[in-house]
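Examining the three-dimensional arrangement
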Amino acid sequence: MAVLPFRPTPFFANKNKAFWRLQLLGWSGAMLLRAMSSLANGQPWSFLALVLIATINGFSISLILSVVYHQLIGRRPLLTWGITALVLPVAVSLYAFMDGWVIGLYRPDSTTGFAQLFIGVFYLDATLLGAWSALYYAINFFLRVEEQNDQLLRLESQATSAQLAMLRYQLNPHFLFNNLSVLTSLVYKNQDKAANFINELAKVYRYVLDTKNAELVSLQEELDFINHYIYLQKIRFEDSILFEIKIEESKKSTYLLPMCLQMLVENTI
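So, a few notes on the structure that sits alongside this text. (Residues numbered from 1 in each chain as written. Predicted model: local features only at pLDDT ≥ 70, side-chain atom pairs only at ≥ 80, totals over all residues. Heavy atoms only, no water.)

1. Description of the overall build of the chain
- When you go through the chain residue by residue, the secondary structure sums to 7 helices and 2 strands.
- When the elements of the chain are put in sequence order from the N terminus, they spell out α-α-α-α-α-β-α-β-α.
- Counting the 269 residues in the chain, one finds 30% classified as buried.
- The contacts in the chain between residues at least 6 apart in sequence include a share of 77% that link residues at least 24 apart.
- Accessible surface computed for the chain: about 18,100 Å², of which carbon and sulfur atoms make up 64%. (Helix = DSSP H or I, 4+ residues; strand = E, 2+ residues; numbered from the N terminus. Buried < 20%, exposed > 50% of the residue type's maximum accessible area, 1.4 Å probe, protein only. Contact = heavy atoms within 4.5 Å. Areas by Shrake-Rupley, 256 points an atom, 1.4 Å probe, with all protein chains shown as cover.)

Shown next, in the form of structure tokens:
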């Protein structure tokens, strides 16, 4: 598999930088479209200065809106959308007023009144700021949902790790104490059996150490561990335990949490 020579960084890893990139890209695109439309409609090249001023005005007003929306986005929906419905028309009206005033200065001899200029640019400015507001809320709500999902996954992972740690801590002291008692008696009765017992006990604790940081293990690995565990228990209870595994071979490649079967077997015993 080919490996990239660099590690790609998520676009929203730095929210502040991502905001300015989208801000510059979006308003630059709006200015370009507005400039092309003006030239296509026969406006002189000097009219592009008005397009630049209008873009700067929209850019500045959107920055003010971003501050207001940032304070609203974590509030109750009724408060967020209610204040947005009040703030957005005011921002659009301010934007249209500035655009109409600049156009009036550009065409002092025009017979078109300021009210007509204001209404003429109001629709375009409302479209720009309305689309900007919708994108702002959509992106930020998406990021908040992603953050909540990431936090939930981290909490689930921590809970799983804590449960596994509890299983290991439960196995270590009681299990070791009981088996040391068995081993003491075996040393005097049957040294060969004691040697096998030590070997199986070492394999059990080797598995515990090897899976200490593992999130998942194969069913085959877990069954091997259970076999070692049952061997020790059968000696402890003097072969009074009957144990048999019946699992399809195709299922043994399944992955599961380490030591989850040990808890079931221990409770059964």
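2. Overview of the layout of surface pockets
- Size it by volume and the largest pocket reaches roughly 700 Å³.
- Along the walls of the largest pocket sit 23 residues, with Phe19, Trp132, Tyr136, Ile139 and Asn140 positioned nearest its centre.
- Looking at the lining of the largest pocket, the elements with two or more residues in it are helix H1 (15–40), helix H2 (48–72) and helix H4 (114–189).
- Its residues placed into classes, the lining of the largest pocket shows 16 nonpolar, 5 polar and 2 charged. (1 Å grid on protein atoms, 1.4 Å probe; cavity = no way out; pocket = protein on both sides within 12 Å on 5 of 7 lines; lining within 4 Å. Points joined across faces, edges and corners; volume = space filled by probe spheres on them. Nonpolar A, V, L, I, M, F, W, Y, C, P; charged D, E, K, R; others polar.)

3. Remarks on helix H6 (residues 219–236)
- Helix length check: H6, at 18 residues, gives a terminal C-alpha distance of 25 Å against a target of 26 Å (1.5 Å per residue), a fit within 8%.
- Two residues or fewer past H6, Glu238 is found with a positive phi of approximately 55°. (Expected span 1.5 Å × (residues − 1).)

4. Some remarks on the side chain of Gln23
- Its place among the elements puts Gln23 in helix H1.
- Those residues in contact with Gln23, other than ones at most four positions away along the chain, are Phe59, Ser62, Leu63 and Trp132.

5. Some remarks on the nonpolar core
- In this structure, Phe175, Leu186, Phe197, Phe225 and Leu232 are the most contacted members of the largest nonpolar core, which totals 20 residues.
- Of all elements in the fold, only H4, helix H5 (191–210) and H6 reach the threshold of two or more residues within this core.
- Top contributing element to this core by residue count: H5, with 7 residues.
- Look past the residues within four positions of Leu186 in its chain and what remains in contact with it is Gln191, Lys193, Ala194, Phe197 and Ile235. (Core = buried A, V, L, I, M, F, W, Y, C linked by side-chain atoms within 4.5 Å.)

6. Considerations on the packing of aromatic side chains
- Here the structure, examined in full by the defined rule, presents 16 aromatic pairs.
- Taken together, a centroid distance of 5.8 Å and an interplanar angle of 50° make the contact between Tyr69 and Tyr136 tilted. Placement of the pair is Tyr69 in helix H2 and Tyr136 in helix H4, with a sequence separation of 67 residues. Assigned by exposure class, Tyr69 and Tyr136 land together as buried.
- Among the aromatic side chains, those forming a connected cluster through ring pairs are Tyr69, Trp81, Trp132, Tyr136, Tyr137 and Phe141. (Phe/Tyr/Trp six-rings, centres within 6.5 Å; stacked < 30°, edge-to-face > 60°.)

7. Quick look at the packing of H5 against H6
- Axis separation between H5 and H6 bottoms out at 9 Å; the angle between their running directions is 145°. Every pair of crossing elements has a handedness; the one defined by H5 and H6 is left-handed. Counted together, Lys193, Asn196, Phe197, Glu200, Leu201, Lys203, Val204 and Tyr207 of H5 and Glu221, Glu222, Phe225, His228, Tyr229, Tyr231, Leu232 and Ile235 of H6 form the full contact between these two elements.
- Of the residues contributing to the contact of H5 with H6, the split by class is 9 nonpolar, 2 polar and 5 charged. (Axes fitted to C-alpha atoms, helices over the stretch in contact; angles between N-to-C directions. Left-handed = near helix turned anticlockwise from the far one by under 90°.)

8. Section: the pattern of salt bridges
- Tallied over the full model, the rule gives 5 salt bridges.
- Through salt bridges with shared partners, a single network forms among Arg34, Asp99 and Asp125. (Salt bridge = Lys/Arg side-chain N within 4 Å of Asp/Glu carboxyl O.)

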